[in-house]
Amino acid sequence: MIDHDVLERVLSSALRSGGEFAEVYAEDKRSTSAGLDDGKIEQVTSGRDRGAGIRVVKGDTTGFAHTADLSEAGLRAAADAAGAAASQGGGGTRTVALTRQADHRVGTVTQYPDTITKAAKVDILRRVDEAARTSGSAIVQVSAGYGDSRKQVLIANSEGVLAEDEQVRTLLRISAVANGDAGMQTGFDSLGHTIGFELFDRYDVEEVAQRAAQQALTKLKARPAPSGSMPVVIKAGSGGVLFHEACGHGLEADLVGKGSSVYKGRVGERVAADFITLIDDGTMPDEWGAIGFDDEGHVSQRNVLIENGILTDYMWDYLRARKEGRPQSGNGRRQSYMHLPMVRMTNTFVTNGTDDPDDIVRSTEKGVYVAKLGGGSVNTASGDFVFGMNEAYLIENGEITEPLRAGNLIGNGPKVLQDIDMLGNDFEMGNPGTCGKDGQGVPVGDGQPTLRVKSLTIGGTAS
Amino acid sequence: MSTARGAHAVDPALIELADKIVAQAQAGEQVEAYVSRGQETSVRVYEGEVEQFTSAQSEGIGIRVIRNGRTGFAYAGTLDPASVDEVLSEARDNVEFGTPDEWAALATPDGVPVQPIDLWNEALAAYGTQSKIFLAQQLERLTLAADSRIRVEEANYADGSGEVAVASTTGIRTSGRENGCYVSIGTLADDGPETHTGFGFAVDRNPGDLDLEKAAFEAAQRATRMLGSTKPKSRRLTVVLDPFVTAQFLGVISSTLNGEAVIKGRSLFANRLGETVANPFVTLVDDPTNPLAYSATDVDGEGLAARRNVLIEGGVLKQFVHSSYSGRRAGTASTGNAVRGGFKGTPGCGCLALQLQPGSRSQADIVSGLGDAVLIQSVMGLHSGVNAVSGDFSTGASGVMIRNGALAEPVKEFTIASTLQRMLLDVAEVGGDVDWLPMGAAGLTLVVNDVTMSGD
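Residues numbered from 1 in each chain as written. Chains lettered and ligands numbered in written order. Predicted model: local features only at pLDDT ≥ 70, side-chain atom pairs only at ≥ 80, totals over all residues. Heavy atoms only, no water.

**With respect to the domain arrangement of chain A**
Residue and element names in this part refer to chain A.
Inference 1: Here chain A is described as being made up of domain 1 (113-150 + 167-217) and domain 2 (227-459).
Inference 2: The straight-line distance from the C-alpha centre of domain 1 to that of domain 2 is 26 Å.
Inference 3: Facing 15 residues of domain 1, the contacting portion of domain 2 comprises 16 residues.
Inference 4: Together domain 1 and domain 2 conceal approximately 1200 Å² of surface at their shared face, both sides included; 43% is due to carbon and sulfur atoms.
Inference 5: Contact with domain 2 buries surface across domain 1, with R169, T194 and Q215 losing the most and accounting together for 37% of the total.
Inference 6: Viewed at the interface, domain 2 and domain 1 are joined by one salt bridge. (Domains from an automatic or database assignment. Contact = heavy atoms within 4.5 Å. Buried area = accessible area lost by both parts, 1.4 Å probe. Salt bridge = Lys/Arg side-chain N within 4 Å of Asp/Glu carboxyl O.)

**Section: the domain arrangement of chain B**
Residue and element names in this part refer to chain B.
Inference 1: When the domains of chain B are assigned, the result is domain 1 (2-221) and domain 2 (229-456).
Inference 2: Computed over C-alpha atoms, the centres of domain 1 and domain 2 are 24 Å apart.
Inference 3: Counting residues at the interface gives 38 residues for domain 1, matched by 30 residues for domain 2.
Inference 4: Summed over the shared surface of domain 1 and domain 2, the number is four salt bridges.
Inference 5: A salt bridge links E32 to R340; the nearest nitrogen and oxygen atoms lie 3.2 Å apart.

**A closer look at the side chain of H196 of chain B**
All names here are of chain B.
Inference 1: Relative to the assigned elements, H196 resides in strand β7 (residues 194-204).
Inference 2: A polar side-chain atom of H196 sits 3.1 Å from the main-chain carbonyl oxygen of M226.
Inference 3: Those residues in contact with H196, other than ones at most four positions away along the chain, are T187, L188, A189, D191, A223, M226, L227, G228, S229 and K412. (Helix = DSSP H or I, 4+ residues; strand = E, 2+ residues; numbered from the N terminus. Polar contact = N/O pair within 3.5 Å; in protein donor to acceptor, adjacent residues only side chain to side chain.)

**What to know about the pairing of strand β23 (residues 451-459) of chain A**
Residues and elements named next belong to chain A.
Inference 1: With seven of nine residues buried, β23 is to be regarded as a mostly interior element.
Inference 2: As judged from the seven bridges shared by strand β8 (residues 227-234) and β23, these two strands associate in the antiparallel manner. From the neighbouring strand, M230 faces β23, where its bridge partner is L456.
Inference 3: Sheet topology note: the strand β18 (residues 407-412)/β23 ladder contains three bridges and is antiparallel. Looking across to β23, one finds that N408 is bridged to G459.
Inference 4: Of the strand pairs in this sheet, strand β19 (residues 420-423) and β23 are connected by three bridges, and their pairing is antiparallel. Across the sheet, L423 pairs through a bridge with L451, a residue of β23. (Buried < 20%, exposed > 50% of the residue type's maximum accessible area, 1.4 Å probe, protein only. Pairing = 2+ DSSP bridges.)

**Remarks on the sheet that holds strand β11 (residues 316-317) of chain B**
Within a sheet, adjacent strands bond to each other through the backbone by hydrogen bonds, running parallel or antiparallel.
All names here are of chain B.
Inference 1: If you trace the four strands from one edge of the open sheet to the other, you get β11-β10-β9-β14, paired in antiparallel fashion. Of all strands in the sheet, those with a lone pairing partner are β11 and β14 (354-356), marking the two edges.
Inference 2: Bridge count for strand β9 (residues 284-286) against strand β10 (residues 309-313) is three bridges, and the pairing is antiparallel. Note that in β10 the partner of L284 across the bridge is I312.
Inference 3: Against the sheet, helix α6 (residues 243-256) makes contact with β9 and β14, and its axis sits at roughly 115° relative to β14, the strand it touches most. (Axes fitted to C-alpha atoms, helices over the stretch in contact; angles between N-to-C directions.)

**Observations concerning the pairing of strand β16 (residues 384-396) of chain A**
Residue and element names in this part refer to chain A.
Inference 1: Taking burial as the measure, the 13 residues of β16 include eleven buried ones, the bulk of the element.
Inference 2: In sequence, strand β15 (residues 366-378) turns back onto β16 through a hairpin of five residues, with G383 there showing a positive phi of about 85°.
Inference 3: Here six bridges tie β16 to β18, and the two strands are oriented antiparallel to one another. When the bridges of β18 are listed, F387 appears paired with L409.
Inference 4: As defined by bridge partners, β16 adjoins strand β17 (residues 399-404) across four bridges and the pair is classed as antiparallel. Across the sheet, the residue bridging to E396 is E399, located in β17.
Inference 5: Counting the residues that bridge the hairpin from β16 to β17 gives two residues, and of these N397 lies at a positive phi of roughly 50°.

**Observations regarding helix α5 (residues 212-224) of chain B**
Residue and element names in this part refer to chain B.
Inference 1: Here α5 is 13 residues long and its end C-alpha atoms lie 18 Å apart, about the 18 Å a rise of 1.5 Å per residue gives.
Inference 2: Buried residues of α5: L212, A215, A216, E218, A219, A220, R222, A223 and T224, and no others.
Inference 3: Contact partners of the buried residues in α5: α4 (129-146), β5 (150-168), β6 (173-191), β7, α6 and β15 (372-380). (Expected span 1.5 Å × (residues − 1).)

**Things to note about the interface of chain A and chain B**
Inference 1: Each partner contributes residues to the interface: chain A has 73 residues there, and chain B has 70 residues.
Inference 2: Between R30 of chain A and E86 of chain B there is a salt bridge whose closest N-O contact spans 2.8 Å.
Inference 3: Of the residues forming the side of chain A that touches chain B, the biggest block, eleven residues, is contributed by strand β2 (residues 40-58) of chain A.
Inference 4: Tallied by class, the residues present in the side of chain A that touches chain B amount to 24 nonpolar, 34 polar and 15 charged.
Inference 5: Sheet topology places strand β3 (residues 61-67) of chain A next to strand β3 (residues 49-67) of chain B; five bridges connect them, and they run parallel. From the neighbouring strand, T62 of chain A faces β3 of chain B, where its bridge partner is Q52 of chain B. (Nonpolar A, V, L, I, M, F, W, Y, C, P; charged D, E, K, R; others polar.)

**Focus: the packing of helix α3 (residues 118-133) of chain A against helix α5 (residues 205-220) of chain A**
Residue and element names in this part refer to chain A.
Inference 1: Packing of α3 against α5 brings their axes to within 8 Å, and their N-to-C directions diverge by 45°. One element, α3, and the other, α5, form an angle in the oblique class. Crossing of α3 over α5 shows right-handed handedness. Across from I124, R127, V128, A131 and A132 in α3, the residues of α5 making contact are V205, E206, A209, Q210 and A213.
Inference 2: Looking at the contact of α3 with α5 residue by residue, the class counts come to seven nonpolar, one polar and two charged. (Parallel < 35°, antiparallel > 145°, perpendicular 65-115°, else oblique. Left-handed = near helix turned anticlockwise from the far one by under 90°.)

**Remarks on helix α2 (residues 72-86) of chain A**
Inference 1: A rise of 1.5 Å per residue sets the reference length of α2 of chain A, with its 15 residues, at 21 Å; its end C-alpha atoms lie 21 Å apart and thus fit the reference within 8%.
Inference 2: Those residues of α2 of chain A not exposed but buried are G74, L75, A78, A79, A82, G83, A85 and A86 of chain A. On an axial view of α2 of chain A, the arc spanned by its buried residues comes to 165°, and they lie on one face.
Inference 3: Among the structural elements, α1 (4-14), β2 and β3 of chain A together with β3 of chain B are those in contact with the buried residues of α2 of chain A. (Arc of directions from axis to C-beta.)

**Concerning the packing of aromatic side chains**
Each aromatic ring pair is specified by the distance between its two centres and by the angle formed by the two planes.
Inference 1: Counting across every chain of the model gives twelve aromatic pairs over all chains.
Inference 2: Judged by centre distance (6.1 Å) and plane angle (40°), the rings of Y146 of chain A and F200 of chain A are tilted. On the criterion of sequence distance, the pair formed by Y146 of chain A in strand β5 (residues 139-157) and F200 of chain A in helix α4 (residues 199-202) is long-range, its members being 54 residues apart. In this structure, Y146 of chain A and F200 of chain A share a single accessibility class: buried.
Inference 3: By the ring-pair criterion, three or more aromatic residues cluster together here, those being Y146, F197 and F200 of chain A.
Inference 4: Geometry around W288 of chain A places R169 of chain A over its ring, the cationic atom sitting 5.8 Å from the centre.
Inference 5: Directly above the ring of W120 of chain B sits R177 of chain B, whose terminal nitrogen or CZ lies 3.7 Å from the centroid. (Phe/Tyr/Trp six-rings, centres within 6.5 Å; stacked < 30°, edge-to-face > 60°. Lys NZ or Arg CZ within 6 Å of the ring centre and 35° of its normal.)

**Comments concerning the packing of α1 of chain A against α2 of chain A**
All names here are of chain A.
Inference 1: It is the contact of α1 with α2, at a shortest axis distance of 8 Å, that shows an interaxial angle of 25°. In this view, α1 runs roughly parallel relative to α2, as classed from their interaxial angle. The chirality of how α1 crosses α2 is right-handed. Here V6, R9, V10, S13 and A14 of α1 come into contact with α2, specifically with E72, L75, R76, A79, D80 and G83.

**Overview of the nonpolar core**
Inference 1: Membership of the largest hydrophobic core comes to 52 residues, with the highest contact counts inside it found for V374 and I376 of chain B.
Inference 2: Grouped together as the second largest cluster of nonpolar side chains are 47 residues, V256, L305, I306 and L423 of chain A included. (Core = buried A, V, L, I, M, F, W, Y, C linked by side-chain atoms within 4.5 Å.)

**Concerning the environment of T380 of chain A**
All names here are of chain A.
Inference 1: Position of T380 relative to the elements: it lies in the loop between β15 and β16.
Inference 2: The spatial distance from the C-alpha of T380 to the C-alpha of G136 is 42 Å, given a sequence separation of 244 residues.
Inference 3: Not counting residues within four places of it along the chain, the set of residues in contact with T380 comprises H249, G250, L255, S260, S261 and V262.

**What about the side chain of D242 of chain B?**
Inference 1: When you line up the elements, D242 of chain B lands in the loop between β8 (235-241) and α6.
Inference 2: One buried charged side chain, D242 of chain B, makes no salt bridge at all; its nearest oppositely charged neighbour is R222 of chain B, positioned 4.6 Å away. (Lys, Arg positive; Asp, Glu negative; His and termini not counted.)

Quick look at the structure:
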């Protein structure tokens, strides 16, 4: 993308005004997306995003500039702007010598998006539409989206790091609307991996479509969700987002550093039952949050955050690790060349326990079974979180009974972690997610086995 | 329509580029080019020092091609000539894969005159770097001074300016530029092992007019007000939505009034035009031509004049908002409500600047007349707990109980739930305290009866 010697000159130039650290992050991304709605392929979109972000750090100040001009002149102008932003004072001269990092790929792509015809991509949407509509006569509307991207990144910094990575992702999402006597209901499902078009050889798109349709159909018979606190069982692979939001964010070193995490100063302490282990792993092949290098050129890795209930470590990016004089953990990520990196998760999950998932339901007298958790958000300072329930059922006398209408579920992250009293042995990864910290979206994965939380508040309307 | 929104100020090269693309249209083809360029600055201050300073420029082009009812689109985040040529050929190529849609077409000028609104502020354009840093530092200082129990998580200043040119083979030709700035602050208040958060912000086109004191006061109040908060008991009661929460609530309502959602069977208000859907004193207007609105604009995302539309009047559903596509398909016309997120996307349909017709009383007067109620200071999880298709409404909330006409103890970790249909009918009062927030809807205090609160 950019010549080795140009990068070295640009980095030296960026340090001219006295910066201690400079970095070039260049990106060239091609993407295709197609949408189907109301039975029609609405439109195919091709996108190209290409540019570089240059960061200069001096003391506690970070200067940042980005440009779509990847010529040496364009890069130097951005380097000057970033250098000036980081420092108003004078500086010296420093030369930079780059060493290329060995390639680090997680997973293998066999069918690159640019080798697949647009007709084949659009055909996936037609299959999804057909499968959802034939799931039941009450299905009145279907919308679906296909998206792929091939992103090449290059990261070079004044500490000599030169890393290149390529990320290929393919995504399918579907939503269905069912109409019944009591109004309309919606169902949603998605499929996404850090691979190419082989995604559709590995997974049955009809099945994904049917799941979304079935969810909407089931909810036609749903009654209002209850209101108040009760035990909640979360199905394997359907609620990992809870741990991403309610625990993961609080373990990001930037939030911890500013005292806006409930987990500040608690490394080494017991924060969960002894059967809880929480991991963030960017190296899981093909998973939605998989990366070869993070967006600061640090090789991705597997980090144990909570081990047998004990808080073992936070997640780190370059800046926060530098401040603490410790190694990075491969968690410096950003949305694009237009954004500064910060501490971000990759694939975050709770590992298997020993309980039989059926026993977990059987031993719950009255509660809620969540078969699909929706989106959510967390206040990292307080740990309070909210999640929507896309598909949920009542548990009565140890059996899953009636479906429930949509409602929110609220609780407190640290408390939930301590309130998990049963953990299944049926671990699954969940749907592809997008984490939106600070307004920047990055792809993330999550997972968990079936588990029970002693008490969560269900925000329905039924008493 | 040829609209020159302060066109003297827009780089003629952008307009020329849009014209040049349109001129390449082939027989039987509709072509639209959307060309934009922008600049932004953002400063983040922490403990008096600059933590981040970003200075960025971006540009791009999006091209839409329609032929025989099929639409193709492509974009690139650069205006470099080779890339622009590639965008046009990709958009053309993509046409082949769309399903023919008899209503697909670009907007055509509809004769509605564009109302001039001044969206550009010279003082901001000339504002210096050090002054921007000072604003963020000053906001941090004012906030810390507002209450000794407050910590500041971050203080931000940000501004942006953009210029856009849109042209089409159907006769749309418009260009304009706008700028704006804001400050925001995040606060923390420690409460034993717990921490409460708050935020405040101020928005203006002129940095000198940013109300830092109000931002500081609100950020401190939002966090400290929650000190000692507990989880309430579950019950049904009246809720008083703070202006910021009302604006978020209107954002949810807006998707039910979207003409595209209606024609595609995704609105709970489809087939209900002319019916009473809200309490008779609810009048809801979408008016992007009001310069006080944060999202004010003179033209919509397809280049048609933005206009004032009354959606609910006296509780009766009067009309939906339409883009040219949804209007054509619904057998009516565009209401000037095409929305567009920039060069990377094609226009959709949506409300641009919603406002409830205000009542007369302040929040304090409203509270003084209530017995058992709760003031909702903030909500969380609106996007996950509200379904605009079914109308189910459930959101996490925090706030302050109201007892015998006065604010009482703070409460947190509960949800409020109802349905959108019922909430509109259950509106008991609309406040007179209009707050022009940096959102697609204006805020004011709103009282809604009979909402389920779930706590312990």
